[in-house]
Amino acid sequence: MRYYFMQRLLYFLVYPILWLISLLPFWLLYLKSTLLFYVVYYVIGYRKKVVLSNLALVFPDKTTSERRAIAKGFYRHLCDLIFETIKGITISEATLRKRYVIENAEIFDAYHAEGRSLLVCCAHYANWEWSSLVPVMTKLKGFGVYKPLVNPYFDSLVKNIRGKFGATIVSNKKAVTTLFKMSKQQIPSITLLVADQTPKLGAFKLRDTFMGVDVPVFTGPEDLAKRLDFNIGYLKTQKVKRGYYRVTLIPLSETPQQTAPFEITRLFLDEIEKQIHAAPQYYLWSHKRWKHRKTD
C-alpha cells in the first residue's frame with residue numbers, strides 16, 4: 001500500500017512541473033536543452049561509458065576524437081528529445097504537423113482503399129515519440145504498441161501523450177490479440193511499433209548482424225505481418241533541424257507471406273543502418289543494444 005502511495009505522490013509532484021515546462025515556447029525549451037546537455041555530458045556523464053563503448057564497437061575505424069564528436073552530438077540530440085517529449089503533453093496537432101512532416105502520406109490512403117492493414121516499424125532514431133501523429137494522417141484505424149511502465153500514473157501519462165491525436169495505445173502483450181481482432185473484423189489498421197529492441201536471451205529466433213555486430217534480433221513485426229498478411233514498412237525519420245523532422249514510409253513488403261524467412265527483418269535493419277551511417281548522432285547510443293553480442 002505504501003509503495004503505491006509513493007508512486008502516486010511522485011506523479012503528483014512531478015506532473016505539474018512537466019506540464020508547466022510543456023507550455024514553454026520552443027526557443028526557451030531548446031535553451032534549457034543546451035543547459036541540460038552540459039550537465040548531462042560534462043557533470044553527470046550519464047551512461048557515457050556505454051555510449052563510447054557502443055560507438056567503439058560499431059565504428060572501429062573511426063578515431064577516438066571522431067567517436068567523441070558523435071557522442072557529443074548524441075547527447076545534444078538526447079536533451080532535445082527529452083524536451084520535445086515533454087512538449088508532447090500540450091502540443092497541438094497543428095503545431096506538430098508543421099514540425100513533423102510526412103512526405104508520402106498518400107501511400108496510406110492507397111492501403112486503405114485496398115482494404116490492407118499496415119505494420120510500421122520504427123527505430124530509436126531521431127524522434128520516435130512524435131510518430132503518434134502518423135495514424136492521424138490516414139483513414140486507417142490507428143494503434144501504437146508500447147511497453148507499460150511500472151508506475152501506473154506515469155504509464156497513463158505516456159498513453160495519453162501518445163494517443164492524444166486519436167491512436168489507440170495497446171501494451172506489447174495485448175497487441176497481437178488486438179490486431180487479430182481487427183483482422184477478423186476486416187478493419188484496415190495501421191500499427192506503429194519500435195522494433196530495434198534487444199530481445200531477451202532465450203526468447204529470440206534469429207541472430208544477425210546489426211552495424212556489423214552479431215546480436216539477437218527481434219523478429220516480431222515480420223512474424224505478425226506474415227500471420228495476418230499485413231503490409232509492413234519502415235518509418236524513416238530524419239532530423240532537419242531542432243524541432244523539425246521529415247518522415248517517409250519505406251515499404252518493406254506488400255506480400256509478406258511470399259518473402260523468405262527473416263528477409264523483412266533484414267530489410268528493416270538495413271534501413272536503420274543507412275540512417276546511422278549517414279547521421280550517427282541521432283541514434284540512441286545509451287541503449288545497451290549490443291549487450292548480447294557474440295564474442296567468439
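Located above this text is the structure these notes cover.
Residues numbered from 1 in each chain as written. Predicted model: local features only at pLDDT ≥ 70, side-chain atom pairs only at ≥ 80, totals over all residues. Heavy atoms only, no water.

1. Focus: the pairing of strand β2 (residues 118-122)
Burial of β2 is extensive: five of the five residues sit out of reach of the surface. Going residue by residue along β2, you find L118, V120 and C122 tucked away on one face and L119 and C121 tucked away on the opposite face as well. In the sheet, β2 pairs with strand β5 (residues 189-194) via five bridges, with the strands oriented parallel. When the bridges of β5 are listed, L119 appears paired with T191. Bridge count for β2 against strand β8 (residues 231-241) is four bridges, and the pairing is parallel. (Buried < 20%, exposed > 50% of the residue type's maximum accessible area, 1.4 Å probe, protein only. Helix = DSSP H or I, 4+ residues; strand = E, 2+ residues; numbered from the N terminus. Pairing = 2+ DSSP bridges.)

2. Quick notes on the pattern of salt bridges
Taken as a whole, this structure holds 13 salt bridges when the rule is applied. Here D229 ties to R116 by a salt bridge, and the two come within 3.8 Å at their closest N and O atoms. Note that D229 is positioned in the loop between α9 (220-228) and β8 and R116 in the loop between α6 (106-114) and β2, a separation of 113 residues in sequence. Overall, the relative accessible area of 30% leaves D229 in the partly exposed class. Between R207 and D214 there is a salt bridge; the shortest N-O distance is 2.7 Å. Taking relative accessible area as the criterion, R207 reaches 31% and is therefore assigned partly exposed. Shared partners join several salt bridges into a network, and the residues in it are D208, R266, D270 and E273. (Salt bridge = Lys/Arg side-chain N within 4 Å of Asp/Glu carboxyl O.)

3. Here we look at unusual backbone geometry
One non-glycine residue with positive phi stands out, namely R47, at about 50°. Considering the arrangement of structural elements, one finds R47 in the loop between α2 (26-44) and α3 (48-58). A positive phi angle, near 60°, is found at A126, a position not held by glycine. Within the secondary structure layout, A126 lies in the loop between β2 and β3 (141-146).

4. Notes on the environment of I190
Along the chain, the position of I190 falls in strand β5. By relative accessible area, which is 0% here, I190 ends up buried. Along the primary structure I190 and L140 are separated by 50 residues, whereas in three dimensions their C-alpha atoms are 5.8 Å apart. The contact partners of I190, leaving out residues within four places of it in the chain, are F108, L118, V120, V134, P135, T138, L140, K141, G142 and F143. (Contact = heavy atoms within 4.5 Å.)

5. Some points on the side chain of Q7
Here Q7 is to be found in helix α1 (residues 2-22). With a relative accessible area of 7%, Q7 lands in the buried category. In contact with Q7, other than residues within four places in its own chain, are V150, N151, P152 and Y153.

6. Examining the packing of aromatic side chains
Evaluated as defined, the whole model comprises 23 aromatic pairs. Arranged with centres 5.6 Å apart and planes meeting at 10°, the rings of F210 and W290 form a pair that is stacked. With F210 in strand β6 (residues 206-210) and W290 in the segment after α10 (263-278), the pair connects residues that are 80 residues apart, well separated along the chain. Here the two residues F210 and W290 agree in accessibility, since each one is buried. In this structure, K48 packs its charged tip against the face of Y41, placed 3.9 Å from the ring centre. K62 extends its terminal NZ or CZ atom over the ring of F59, reaching a point 5.3 Å from the ring centre. (Phe/Tyr/Trp six-rings, centres within 6.5 Å; stacked < 30°, edge-to-face > 60°. Lys NZ or Arg CZ within 6 Å of the ring centre and 35° of its normal.)

That is the geometry; function is a separate question.
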